[in-house]
Amino acid sequence: MPARWETVMSDARRRPVALVVGIAMAAVLVLVAVAAPLLLTDAATSLTDQVRQPPSSQHWFGTDQFGRDILARALVATRLTLIMAVSATALSVVSGVLVGGAAVLLPSGAKEAVLRCVDAFVAFPPFILALVIAAVLGPGTWSAVVAIGVAGIPGFARLSSTLSASVLTKDFVVTARLLDVRRPAIFSRHVLPNIVGALLMVVTSSFALTLLEISSLSFLGLGVQSPQFDYGRVLNEALATIYVQPWGAVAPSILLVYAGITSMLIGDGLGARLHPSSTPRRRPHPSRSAARGPAHPDALVEVDGLSVTTPDGRVLVDGVSLAIAPGEVLGLVGESGSGKSTTAMAIARLLPENLSVHATTLRLDDLDLLGEPPARRLAAEIGLIYQDPGTTFNPALRMGLQLTETARVHLGRKRRDAERTVVTALTGIQVRDADRRMRQHPHELSGGMLQRATIATAMLTDPKIVIADEPTTALDVTVQAQVLRQFRRINRESRTAMLFISHDIAVVTALCDRVLVMHDGRIVEELRAADLRAGDVSHPYTRQLLDATPAFITVSQERTET
Ligand SMILES: Nc1ncnc2c1ncn2[C@@H]1O[C@H](COP(=O)(O)OP(=O)(O)OP(=O)(O)O)[C@@H](O)[C@H]1O
């Protein structure tokens, strides 16, 4: 059973009570909201001569100064209170999610401006903001809803921008960007389904606060006006006689607390079940260090003098030069943090915007990657395969929808045709039962199957180069061997060039023609794979890597066997 599913199940086992009790309490509240106005409006609104009666068997919470039953008034007020609280929450959430979600998809300048504005408003206590808005709009039911709803927008905008930003770093979103999927589609298809769980949890919890704020506005006389009444209004009516008739405030207070506890329990229960899941975007312009003719005119990929630095001046990649010939498999090895992924992402133009990229040459075939290459060509000509197949796919969507995206966007296929293409590709890469897999969610497939599905889709556009960043690291050894065999078959059959990144020398030697060894952001040695296999290395760091590779012999043998 995949880890994510296991976690959900164990949480559900641990915390089902809060959710079940919360839902049962909510059902009672809704029943009261529906039934009370039908059954009790008369008792709640008719004036009688039984004024200011204490609690009795006839009037459990007494009567008010006009002889109206206080419990009946509080129960009837439930409907309007809930309608107002739900409307204000909906206004806050929908507007907040649109502002926050859209902000993180904007170019960095606009994004910063919107988020700074949101931060400025978040600094205001929402109720103070609501009081100001209500005072401007004037007293009334809907002005209270608008005031509380608008005051809640900055909080939800901040929350959804933070949640969206974390989803935008996921591999499946980076892939969608590489595929040139439009920003609104990225938001609706990839971001929203993955933040909705966490949002729902916060929404249900904060509903209690909204309820309290709405009632407070009515209590202060800025909300519901007579003859309408909500909990706040009933409390306001009890205020005048609070010292002589304290029971007048009890019924609406109990209902207010009951509704608040209900929403907190649901929020808490959902929180136990759902786990909330800086945006790498394609760089606008890496800068050219100095114009120079190509040193490797026959190479498919040519990188010369590539340097990547952080805003605080840390050099992540330092003067890397490499060339990949058509059909060649180039290995890039080095310990964790040596700069392998940064180099590869610079070639795919997918580094985060905060990093500065300089190079003399950065070219893929005839595409100058230092200029403004067409996004569609980049998307079709570079196939990306990531380390952890579990994060490559959007957990909220079925495999079919995700796997056919490339065929639909880049090959212009209709849905059915795209499905047929993908099923054929999956079958070709030995994913059994491909039709059924298309209807499943990512967590229903094994890691090996997911990685083979990634490889199949990366190959759909017939890319000129495949960049595989530690594609076997998250897989167990048997599955590693199967996946490596698929890479070898693709390279043999399609002559696709590959940049194969790994910290594992054994894996690299099993697949690559040539290997570059990276250390501390620099290439320290370049070798033929055969030399590396034979242990014929000269740099002490490469020797260290070799010495730390116990599985070297096993995987190398596997290479000769297949
Ligand atoms: N956006 C970023 N901002 C600042 N530093 C970064 C950023 N991305 C990567 N780094 C740093 O750059 C260095 C190289 O990272 P990189 O991911 O390229 O290494 P790697 O060799 O691929 O390692 P691994 O095998 O662990 O992925 C690391 O020290 C990393 O912390």
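Residues numbered from 1 in each chain as written. Predicted model: local features only at pLDDT ≥ 70, side-chain atom pairs only at ≥ 80, totals over all residues.

### Comments concerning the overall build of the chain
For clarity, the threshold we go by: Each helix is a run of H or I in the DSSP string that is no shorter than four residues. Each strand is a run of E no shorter than two, and both are numbered from the N terminus. Our exposure labels follow a C-beta count within 10 Å of each residue's own C-beta, placed from the backbone: buried means 20 or more other C-beta atoms, exposed means 12 or fewer, and partly exposed covers the counts in between.
Within the chain, the regular secondary structure consists of 23 helices and 12 strands. Burial status across the chain gives 47% buried among its 562 residues.

### Looking at the packing of helix H3 (residues 70-105) against helix H6 (residues 141-168)
Short version of the rule: Orientation is described by lines fitted to C-alpha atoms, with helices fitted over the stretch in contact, and by angles between N-to-C directions that extend from 0 to 180 degrees. In a left-handed crossing the near helix is turned counterclockwise from the far helix by less than a right angle, and in a right-handed crossing that turn is clockwise.
It is at 5 Å that the axes of H3 and H6 come closest, and there the two elements cross at 35°. Along this stretch, H3 crosses H6, giving a crossing that reads as right-handed.

### A short note on the sheet that holds strand E9 (residues 465-469)
The condition is simple: When DSSP finds two or more bridges between a pair of strands, those strands are recorded as paired.
In spatial order, the strands read E8-E9-E10-E4-E11-E12; together these 6 strands make up an open sheet with mixed pairing. Strands at the two margins of the open sheet, each flanked by one partner only, are strand E8 (382-385) and strand E12 (522-528). Along the sheet, successive strands turn relative to each other by an average axial angle of 20°, direction set aside. Two elements, strand E11 (residues 514-519) and E12, share 6 bridges in a ladder whose sense is antiparallel. The residue bridging valine 517 from the neighbouring strand is glutamate 525, located in E12.

### A closer look at the site of the ligand
Stated precisely, the cut-off is as follows: Whether a residue is near a molecule or strand depends on its C-beta atom, placed from the backbone, lying within 6 Å of it. The nonpolar class holds Ala, Val, Leu, Ile, Met, Phe, Trp, Tyr, Cys and Pro. Asp, Glu, Lys and Arg form the charged class, and all remaining residues, Gly among them, are polar.
Residues in contact with the ligand amount to 14 residues; listed here are only the nearest, Leu316, Ser336, Lys340, Ser341 and Thr342. Looking at the shell around the ligand, the element that brings in the most residues is helix H11 (residues 340-347), giving 3 residues. Looking at side-chain class alone, the shell around the ligand contains 3 nonpolar, 10 polar and 1 charged residues.

### What about the nonpolar core?
Looking at soluble globular proteins, one finds that nonpolar side chains tend to be buried together. Quick reminder of the rule: We define a nonpolar core as a collection of buried residues of the types Ala, Val, Leu, Ile, Met, Phe, Trp, Tyr and Cys that are connected via C-beta atoms lying within 7 Å of each other. An automatic or database domain assignment provides the domain bounds reported here. For every residue pair, C-beta atoms are placed from the backbone, and the pair is scored as a contact if these atoms sit within 7 Å.
In this structure, Ala144, Leu330, Ile465, Ile467, Met498, Leu499 and Phe500 are the most contacted members of the largest nonpolar core, which totals 162 residues. Lining this core are residues from two domains, each supplying at least three of them: domain 1 (3-273) and domain 2 (296-365 + 469-562). Every residue in contact with isoleucine 465, bar those within four places of it in the chain, is listed here: Leu300, Val301, Ile324, Leu364, Ile382, Ala497, Met498 and Leu499.

### Notes on helix H7 (residues 171-178)
Because an α-helix completes one turn every 3.6 residues, residues spaced three or four positions apart along the sequence face the same direction. When you tally the buried positions in H7, you get 8 out of 8 residues, the bulk of the element. Listed as buried for H7 are Asp171, Phe172, Val173, Val174, Thr175, Ala176, Arg177 and Leu178. Each element contacted by the buried residues of H7 is listed here: H6, helix H8 (183-219), helix H12 (375-381), E8 and helix H13 (389-392).

### Thoughts on the environment of leucine 511
Looking at the secondary structure, you find leucine 511 in helix H20 (residues 505-511). The buried category is assigned to leucine 511, around which 22 C-beta atoms lie within 10 Å. Considered as a pair, leucine 511 and arginine 485 are 26 residues apart in the sequence and their alpha carbons are 8.5 Å apart. Once residues lying within four places of it in the same chain are set aside, the contact partners of leucine 511 are Val329, Leu484, Phe487, Arg488 and Phe500.

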